[in-house]
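Examination of the molecular architecture
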Amino acid sequence: MAKTVVKIENLVKRYKELIALDHFNLEIKEGEILGLLGPNGSGKTTTINCLLSLLSFDKGTIEIFGEKMTPSNYKIKKQIGIIMQNVAVFNELTVYENIDYFCGLYITDKSLRKKYVQEAIEFTGLQDFIKFHPKKLSGGLLRRLNIACGIAHKPKLIILDEPTVAVDPQSRNKILEGIADLNRNGATIIYTSHYMEEVEQLCTRIAIMDKGKNLAIGTKDELKKMIKNTETVTIEVLDLENSIISKINNLPHVYEVNYNDSKLRVYCSGGKHNLVRILDVLTQNNVPFGRVFSELPTLNDVFLEITGKELRDKED
Amino acid sequence: MFFHNFKYSLKNAFRQKEFLFWILAFPIILGTFFYVAFNSMYEKESVFNEIPIAIVENTENTAFKEVIKELSTGKAPMFDSKFTNSKAALEMLKSNDISGIIYVDSELSLTVSKDGIKQTIIKSFLDQYQIRESIITETVNNNPQNLQSVIDAMSQEINCNENLSLSHGNMNTYIQYFYNLIAMAAFFGSVNGLYIAINNQGNLSAIAARKCISPTNKLTSITASLLASFAAQLICVSIGITYILFTLKVDMGNKIPMIYLSGAVGSLTGVTMGFFIGSFGRLNQNVKMAISMSVTMLSCFLSGLMIGTIKVFIERYLPIVNRINPAALISDLFYCLNIYDDYKRYTVKCVTLLILSVIFAIGGFLQTRRKKYASL
Ligand SMILES: Nc1ncnc2c1ncn2[C@@H]1O[C@H](COP(=O)(O)OP(=O)(O)OP(=O)(O)O)[C@@H](O)[C@H]1O
Ligand SMILES: [Mg+2]
């Protein structure tokens, strides 16, 4: 049984009227990459700031590495690396100096620090930019610097708060690969995001949160099993009578049917030959149809079912 | 840890463009400007004679008469004064025979026909007289033998304000401008102090939040940053002083080490005050910058660094402000250096400034030391 690294119990955080965290629970085991998935304003950053003892909270307990987390628990703090949502670097210092500065807050031994800083630079691929000032870096490079500053001291627990916002897909992949590497080297990782694909690709376990609550947690397969939906069939149909729609609706395993924009969407729960059965109905009634898709549930479906809303806008 | 923070705070300070401008470039540029502007004026009025004035007495004022008499006689008299009526006085003013007319009514008032050093001196004399009026009246009535020393003190203050070493025949009116410049530059260290607060208080910036969650002792890292800012400030102000003293060759008297010391004390007050102001409230960085700049400017303004007579005005109506306004105290340091041969008054001002600095530093630290915030 792996050791518990983080244990958050019944965490409540209020900002005046607003309840940002509502009896939030979370347990993270050593070696995990835990994805904290939730829409804007769901309380991801708040959770992390409470975890770090940067924010005071109204109720609940937080343990890290089996000890109560407090602002002066330097033993725990030494082992945490944080990559904040907002880039936090000194504009007046170069890339190298920034990494050295933040690493120096953790590592006092000079030669060891030099080695670590060098490794962080290589890890984030910033070799060609060490003399640059942050203002001269592109958005993606700046994010990478932000990451380098957070992980140079080789922490055992790494927390990344939406590190890929405003980063192009190529840099984003680099960052994701890097995080997987850190995990392979033994770090436990907390990763917050509102991009499902990222979380799905990277995380070993995913917690879905909304309105300050932890609604579901598990591997992506476990999460997908939690919901009713097992298959969504989409068929392009130009014209469709209501009687046929209700025929489809009455098929076994079908629990919802939508028809708009010349697209027929059929949501199924369990069963094996759903697609064939639906197409049979259409053919028997001489309804011509175009392209046909059958999709397994995505995290978005999971999110949709659990919270009743899409994780994010389509154009996002 | 201390040294690490010190080193990077120092680097940070020297790369801050606003900082370098206000503390290094500004005094040098303005100093050069003063030097060029005043040197030409200085030549025109370089020979100092007593200033011709007319006094129109509409009301009998024995004390004032005594003082004028004293200042118009002796080895190096300040004034060449004539008591006359209003009409004759105006005639003389028109034909430039006198530099100004003092009317003695229930209040004293001055009429001049143009602006110049002589006019400024008369004005300054009147200001000083009005500040001390009650003491002078009292002295004339009860201890006339002490009048001379009261007048001496007063004319020294005038010399100092207008920077005329009358007694030594050295007519360098404008040194005060350079003193003010140094005082101002030192005091602008507040900009740098402000960044210490912003970079260490978790709810003020992302950098500060990041520092807060690192395993570092806040007192150590803040002390290191304060000292680094002070050092940066000191270096810049010293460069400014050196430039004024040795490149422009402005004669600031023979207490040169003390001038540097005053710069140092002023810098310390500036840095700690900025830190103190910065540590209060949760405002946007630029707003804080603006507030800190305004407080600094206001403080300079009230101390007469911009318009000399403001200080006199405050001395008259709200003297306490001059006792605790840091900018006034810093400029006083220089006045004292210039006027008094003993260091008693200088030491008092110096100690006051040091106490203020300690209060600022501790106050700022108490605000900043917190590690957990209700809101970020
Ligand atoms: N300082 C604050 N004062 C008041 N309310 C706040 C404060 N910080 C956050 N909130 C509120 O708390 C809720 C949770 O915010 P939080 O920043 O944790 O969300 P998030 O999941 O990190 O969102 P995002 O994806 O946008 O980063 C939001 O409704 C937000 O408006
Ligand atoms: Mg957030």
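Residues numbered from 1 in each chain as written. Chains lettered and ligands numbered in written order. Predicted model: local features only at pLDDT ≥ 70, side-chain atom pairs only at ≥ 80, totals over all residues. Heavy atoms only, no water.

**Some points on the domain arrangement of chain A**
Residue and element names in this part refer to chain A.
- Domains assigned within chain A are domain 1 (4-225) and domain 2 (231-307).
- Its C-alpha centre places domain 1 at a distance of 41 Å from the equivalent point of domain 2.
- In this assembly, 12 residues from domain 1 lie in contact with eight residues from domain 2.
- By the criterion of area lost to domain 2, the three top residues of domain 1 are Met196, Ile208 and Lys224, representing 51% of everything that side buries.
- Summed over the shared surface of domain 1 and domain 2, the result is zero salt bridges.
- For the interface between domain 1 and domain 2, the tally reads zero residue pairs in polar contact (both at pLDDT 80 or more).
- If one sorts the elements of the side of domain 1 that touches domain 2 by residue count, strand 9 (residues 205-210) sits on top with four residues. (Domains from an automatic or database assignment. Contact = heavy atoms within 4.5 Å. Buried area = accessible area lost by both parts, 1.4 Å probe. Salt bridge = Lys/Arg side-chain N within 4 Å of Asp/Glu carboxyl O. Polar contact = N/O pair within 3.5 Å; in protein donor to acceptor, adjacent residues only side chain to side chain. Helix = DSSP H or I, 4+ residues; strand = E, 2+ residues; numbered from the N terminus.)

**Brief notes about the interface of chain A and chain B**
- At the junction of the two partners, chain A supplies 37 residues and chain B supplies 27 residues.
- At the boundary of chain A with chain B, total buried surface from both sides reaches about 3100 Å², with 61% on carbon and sulfur atoms.
- As a salt-bridge pair, Glu97(A) and Lys11(B) come within 2.9 Å of each other at their nearest N and O atoms.
- In this structure, the connection of chain A to chain B is made through 17 residue pairs in polar contact (both at pLDDT 80 or more).
- If you list the elements that add at least two residues to the side of chain A that touches chain B, you get strand 1 (4-15), helix 2 (74-77), helix 3 (95-104) and helix 5 (139-151) of chain A.
- Here the element with the most residues in the side of chain A that touches chain B is helix 3 of chain A; it accounts for five residues.
- When the residues that make up the side of chain A that touches chain B are grouped by side-chain class, the tally is 19 nonpolar, 11 polar and seven charged. (Nonpolar A, V, L, I, M, F, W, Y, C, P; charged D, E, K, R; others polar.)

**Quick word on the coordination of the magnesium ion (ligand 2)**
All names here are of chain A.
- Every protein donor of the magnesium ion (ligand 2) is accounted for by Thr45 (OG1) and Gln85 (OE1), and the metal-donor separations fall at 1.8 to 2.2 Å. With a gap of 40 residues between them, Thr45 in helix 1 (residues 44-51) and Gln85 in the loop between strand 6 (80-83) and helix 3 connect regions that are remote in the sequence.
- Take Thr45: its relative accessible area is 26%, and that puts it in the partly exposed class. (Donors = N, O, S within 2.8 Å, 3.2 Å for Na, K, Ca; no water. Buried < 20%, exposed > 50% of the residue type's maximum accessible area, 1.4 Å probe, protein only.)

**Quick word on the site of ligand 1**
- Around ligand 1 sit 15 residues in total, of which Thr45(A), Thr46(A), Gln85(A), Glu162(A) and Ser375(B) are the nearest.
- Residues lining ligand 1 come from chains A and B.
- Here an oxygen atom of ligand 1 sits 2.9 Å away from a polar atom, N or O, in the side chain of Asn40(A).
- Between ligand 1 and Ser42(A), the relevant distance is 3.3 Å, taken from an oxygen atom to a main-chain nitrogen or oxygen of the residue.
- Relative to its unbound accessible surface of 640 Å², ligand 1 loses 68% to contact with the protein.
- Every element with two or more residues in the shell around ligand 1 is listed here: strand 2 (18-29) and helix 1 of chain A.
- Ranked by residues supplied to the shell around ligand 1, first place goes to helix 1 of chain A with three residues.
- Here the shell around ligand 1 is composed, by residue class, of five nonpolar, eight polar and two charged. (Near = heavy atom within 4 Å. Areas by Shrake-Rupley, 256 points an atom, 1.4 Å probe, with all protein chains shown as cover.)

**Some thoughts on the packing of helix 4 (residues 110-124) of chain A against helix 5 of chain A**
Residue and element names in this part refer to chain A.
- For the pair helix 4 and helix 5, interaxial distance at closest approach is 9 Å and the crossing angle is 145°. As for the relative orientation of helix 4 and helix 5, their crossing is right-handed in sense. Together, Ala120, Phe123 and Thr124 of helix 4 and Arg144, Ile147, Ala148 and Ile151 of helix 5 make up the contact between the two elements.
- In the contact of helix 4 with helix 5, the residues fall into five nonpolar, one polar and one charged. (Axes fitted to C-alpha atoms, helices over the stretch in contact; angles between N-to-C directions. Left-handed = near helix turned anticlockwise from the far one by under 90°.)

**Here's the deal with the nonpolar core**
- In this structure, Ile182(B), Ile244(B), Met252(B) and Ile259(B) are the most contacted members of the largest nonpolar core, which totals 51 residues.
- Those elements that place two or more of their residues in this core are helix 2 (17-44), helix 7 (175-187), helix 8 (190-200), helix 10 (218-247), helix 11 (256-278), helix 12 (285-302), helix 15 (326-339) and helix 16 (344-368) of chain B.
- Sorting elements by how many residues they give to this core places helix 7 of chain B first, with nine residues.
- Excluding residues within four positions of it along the chain, Ile259(B) makes contact with Tyr179(B), Ile182(B), Ile241(B), Met252(B), Phe334(B) and Leu337(B).
- One finds Ile8(A), Ile64(A), Ile82(A) and Met84(A) within the second-largest nonpolar core, a separate group that totals 32 residues. (Core = buried A, V, L, I, M, F, W, Y, C linked by side-chain atoms within 4.5 Å.)

**Details of the sheet that holds strand 3 (residues 33-37) of chain A**
Residue and element names in this part refer to chain A.
- An order of 6-7-8-3-9-10 is seen for the six strands of this open sheet, with the pairing classed as mixed. The open sheet terminates on both sides in strands that have one partner only, identified here as strand 6 and strand 10 (213-218). Within the sheet, the average angular offset between the axes of one strand and its neighbour, ignoring direction, is 15°.
- The sheet strands contacting helix 5 are strand 6 and strand 7 (157-161), and the helix crosses strand 6 at an angle near 165°.
- Here helix 6 (residues 169-184) sits on the sheet in contact with strand 3, strand 7 and strand 8 (188-193), set at roughly 155° to strand 8. (Pairing = 2+ DSSP bridges.)

**Quick look at the domain arrangement of chain B**
Residues and elements named next belong to chain B.
- By the assigned domains, chain B splits into domain 1 (2-41 + 173-368) and domain 2 (50-155).
- A straight line from the C-alpha centre of domain 1 to that of domain 2 covers 38 Å.
- Counting residues at the interface gives six residues for domain 1 and six residues for domain 2.
- Each partner contributes to the roughly 500 Å² buried at the junction of domain 1 and domain 2, and carbon and sulfur atoms together form 67% of this total.
- At the surface where domain 1 touches domain 2, the tally comes to zero salt bridges.
- The interface formed by domain 1 and domain 2 includes zero residue pairs in polar contact (both at pLDDT 80 or more).

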